[in-house]
Amino acid sequence: MLEVDSLYVAYGPVTALRGVSIKVEKGSFVGVVGPNGAGKSTLLNTIAGVVKPKSGSVTLAGSKLSGARAEHIVGKHLSLVPEGRRIFGQMTVLENLQLGTTVRKDREQARTHITEMMEVFPILGRFRDRRAGHLSGGEQQQLAIARALLARPEYLLLDEPSAGLAPVIVDSVFEVLKRLHNEGVSILLVEQVAHRTVETADHSYVLQHGNIVARGTASELLQGGLLEAAYLGADGAAPEPEGAGQA
Ligand SMILES: Nc1ncnc2c1ncn2[C@@H]1O[C@H](COP(=O)(O)OP(=O)(O)OP(=O)(O)O)[C@@H](O)[C@H]1O
Ligand SMILES: [Mg+2]
């Protein structure tokens, strides 16, 4: 289990997380939704060790994810798809995908999974020999997601993977996440697209101004109006309907 306990994080005078606690049971699909600036990226980046908390802890299967061995644990068990796209522009699409599998021992299956990713995201197959830096923004994002999925980590952390993608590609992203979940990967998905995320996840948390203000299953959050309340309370904007505004 991945456990975040009472996390406080600040950037100078700006407090981004005010005592956030969440749990991701092994094999579960957990969502974190919240409006702009709620602290979603800060939460993922702190779990991945990119940002250091003021207080609180992150533990994975009982081991603290801070200190000397953190990088080793994170590299071995966790994979983060950060906000925005991180690809190697000078390398080809195929080389980027192969990089994603270097941590794996099952070389044969890894090759099969690369082929699978090119089916899920057809553009990656079509442009496999093209330099990644020459792809469009949305194409690079698909490549970044595919590469992270190919690492087949125990825990996959994703920061708004659907942002800026066309609706049909967003569908592919959610489909492939469901597939990985079924294959046993534990998923922590952070999104602004609230409805779809809580409906896909087993359990979700609503983050607002650095606090968890609601948690539950899709029906608990949707029937109780908790989702709307959190977004309205934050900045007056309602949660986005499925696929809206994702040109
Ligand atoms: N490097 C930074 N320096 C200073 N303040 C920061 C920094 N990064 C984030 N913040 C602030 O911390 C708060 C939380 O930001 P964070 O990026 O975690 O939110 P978010 O929920 O991911 O937002 P978005 O949906 O826009 O990605 C915001 O008030 C933000 O302005
Ligand atoms: Mg963010």
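Computed from a predicted structure; not experimentally measured.

### Section: the site of ligand 1
Thinking step 1. Close to ligand 1 lie 14 residues, the nearest being Asn36, Gly37, Lys40, Ser41 and Thr42.
Thinking step 2. Here asparagine 36 contributes a side-chain N or O atom positioned 2.4 Å from an oxygen atom of ligand 1.
Thinking step 3. Within the backbone of alanine 38, an N or O atom sits 3.1 Å from an oxygen atom of ligand 1.
Thinking step 4. In isolation ligand 1 has 630 Å² of accessible area, and contact with the protein removes 63% of it.
Thinking step 5. At the level of secondary structure, the elements contributing two or more residues to the shell around ligand 1 comprise strand E2 (14–24) and helix H1 (40–47).
Thinking step 6. No other element matches H1, which puts three residues into the shell around ligand 1.

### Observations concerning the packing of aromatic side chains
Aromatic ring pairs are defined here through the distance separating the ring centres and the angle between the ring planes.
Thinking step 1. Taken as a whole and assessed by the stated rule, the structure comprises zero aromatic pairs.
Thinking step 2. In this structure, arginine 130 is placed above the aromatic ring of phenylalanine 127, and the distance from its NZ or CZ to the ring centre is 3.7 Å.
Thinking step 3. The residue whose ring lies beneath arginine 196 is phenylalanine 174, and the NZ or CZ to ring-centre distance is 4.7 Å.

### Let's talk about the nonpolar core
Thinking step 1. With 37 residues, the main nonpolar core has Leu97, Phe121, Leu124, Leu156, Leu177 and Ile187 as its most contacted residues.
Thinking step 2. Sorting the residues of this core by element identifies helix H3 (93–100), helix H4 (107–120), helix H5 (122–126), helix H6 (137–150), strand E7 (155–159), helix H7 (167–182) and strand E8 (186–191) as the ones contributing at least two each.
Thinking step 3. Not counting residues within four places of it along the chain, the set of residues in contact with leucine 156 comprises Ser79, Val81, Ala148, Leu149, Leu177, Leu180, Val185, Ser186, Ile187 and Leu188.
Thinking step 4. Among the nonpolar cores identified, the runner-up in size contains 25 residues, and Val4, Ile47, Val51 and Val58 belong to it.

### Details of the coordination of the magnesium ion (ligand 2)
Thinking step 1. Coordination of the magnesium ion (ligand 2) by the protein is provided by Ser41 (OG) and Glu83 (OE), with metal-donor distances spanning 2.0 to 2.6 Å. Of this pair, serine 41 sits in helix H1 while glutamate 83 sits in the loop between strand E6 (78–81) and H3, and the two are 42 residues apart along the sequence.
Thinking step 2. On the basis of relative accessibility, which here comes to 18%, the residue serine 41 falls in the buried class.
Thinking step 3. Taking the relative accessible area as the measure of exposure, glutamate 83 reaches 43% and is therefore partly exposed.

### Regarding the pairing of E8
Within a regular strand, the side chains alternate between the two sheet faces.
Thinking step 1. In terms of residue burial, E8 counts as a mostly covered element, since six of its six residues are buried.
Thinking step 2. Burial along E8 is two-sided: Ser186, Leu188 and Val190 facing one way and Ile187, Leu189 and Glu191 facing the other are all buried.
Thinking step 3. Bridge count for strand E3 (residues 29–33) against E8 is five bridges, and the pairing is parallel. Counted as the bridge partner of valine 32 is valine 190 from E8.
Thinking step 4. Each parallel crossover has a hand, and for E7 linked through H7 to E8 it is right-handed.

Definitions and limits used
Residues numbered from 1 in each chain as written. Chains lettered and ligands numbered in written order. Predicted model: local features only at pLDDT ≥ 70, side-chain atom pairs only at ≥ 80, totals over all residues. Heavy atoms only, no water. Near = heavy atom within 4 Å. Polar contact = N/O pair within 3.5 Å; in protein donor to acceptor, adjacent residues only side chain to side chain. Areas by Shrake-Rupley, 256 points an atom, 1.4 Å probe, with all protein chains shown as cover. Helix = DSSP H or I, 4+ residues; strand = E, 2+ residues; numbered from the N terminus. Phe/Tyr/Trp six-rings, centres within 6.5 Å; stacked < 30°, edge-to-face > 60°. Lys NZ or Arg CZ within 6 Å of the ring centre and 35° of its normal. Core = buried A, V, L, I, M, F, W, Y, C linked by side-chain atoms within 4.5 Å. Buried < 20%, exposed > 50% of the residue type's maximum accessible area, 1.4 Å probe, protein only. Contact = heavy atoms within 4.5 Å. Donors = N, O, S within 2.8 Å, 3.2 Å for Na, K, Ca; no water. Pairing = 2+ DSSP bridges. Right-handed = clockwise from strand over helix to strand, strands pointing away.

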